[in-house]
Amino acid sequence: MAILDTVEGLLKSVGIKYSRDPKVITMRWKTDHFEDLKVKIVTNNDESWVYIVAPFTSVNQVEESVKQKFLYDMLKESWKANGVKYGIDNDDDIIVISETNDTDLTSQEVQQLINHVVHACDTLWEIYPS
């Protein structure tokens with residue numbers, strides 16, 4: 001069974017709403033700072049890793065005058081965050097990501113990884129220069 005099929009079953013068992021296409025599970029969350037936060041679950045090609053990813057915004061949207069401080073703050077928060085990393089992907093988008101190579105996940109573990117990402121997005125919103 002494909003790992004995304006397993007994760008889909010775990011999401012169903014805990015009542016998390018999602019949509020699915022063949023390679024991505026997408027969830028939408030309402031939080032203190034987001035009306036429609038998209039969180040995606042994907043795997044690497046050999047399905048040995050599961051990634052829970054929330055795209056934030058392009059790093060190019062941050063004004064040059066505050067970019068260095070913001071990236072420094074983001075790095076510090078990444079150190080403090082529980083179970084997540086803040087990063088920049090190949091398209092220069094800021095992302096929040098949690099990953100695991102435990103492909104024998106439980107519903108509680110999946111829910112916890114998702115919750116960490118959602119909470120970390122709210123934290124990132126608080127340090128994002130406005």
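Residues numbered from 1 in each chain as written. Predicted model: local features only at pLDDT ≥ 70, side-chain atom pairs only at ≥ 80, totals over all residues. Heavy atoms only, no water.

Things to note about the pattern of salt bridges
Close approach of charged atoms allows side chains with opposite charge to pair. Which entries qualify depends on this criterion: Just to be clear on terms, a salt bridge is a Lys or Arg side-chain nitrogen sitting within 4 Å of an Asp or Glu carboxyl oxygen. A run of H or I in DSSP counts as a helix once it spans at least four residues, and a run of E counts as a strand once it spans at least two, with each numbered from the N terminus. Relative accessibility thresholds used throughout: buried, under 20% of the residue-type maximum; exposed, over 50%; partly exposed, between the two (1.4 Å probe, protein chains only).
Scanning all chains against the criterion turns up 8 salt bridges. The shortest N-O distance in the salt bridge between Asp 5 and Arg 20 comes to 2.9 Å. Of this pair, Asp 5 sits in helix α1 (residues 3–13) while Arg 20 is found in strand β1 (residues 19–21), placing the two residues 15 residues apart along the sequence. By relative accessible area, which is 33% here, Asp 5 ends up partly exposed. Here Arg 20 falls in the partly exposed class, since its relative accessible area comes to 29%.

Structural notes on the packing of aromatic side chains
Our working definition: Ring geometry is summarised as follows: Phe, Tyr and Trp rings, the Trp one being its six-membered ring, pair when their centres sit within 6.5 Å, and such pairs are stacked at plane angles under 30 degrees, edge-to-face over 60 and tilted between the two.
Tallied over the full model, the rule gives 4 aromatic pairs. Ring geometry for Trp 49 and Tyr 51: centres 6.4 Å apart, planes at 15°, overall stacked. Here Phe 56 and Tyr 128 contribute two aromatic rings whose centre-to-centre distance is 5.5 Å and whose plane-to-plane angle is 65°, an arrangement assigned as edge-to-face. Highlighted residues: Phe 56 in strand β4 (residues 50–58) and Tyr 128 in the segment after α3 (107–127), separated in sequence by 72 residues.

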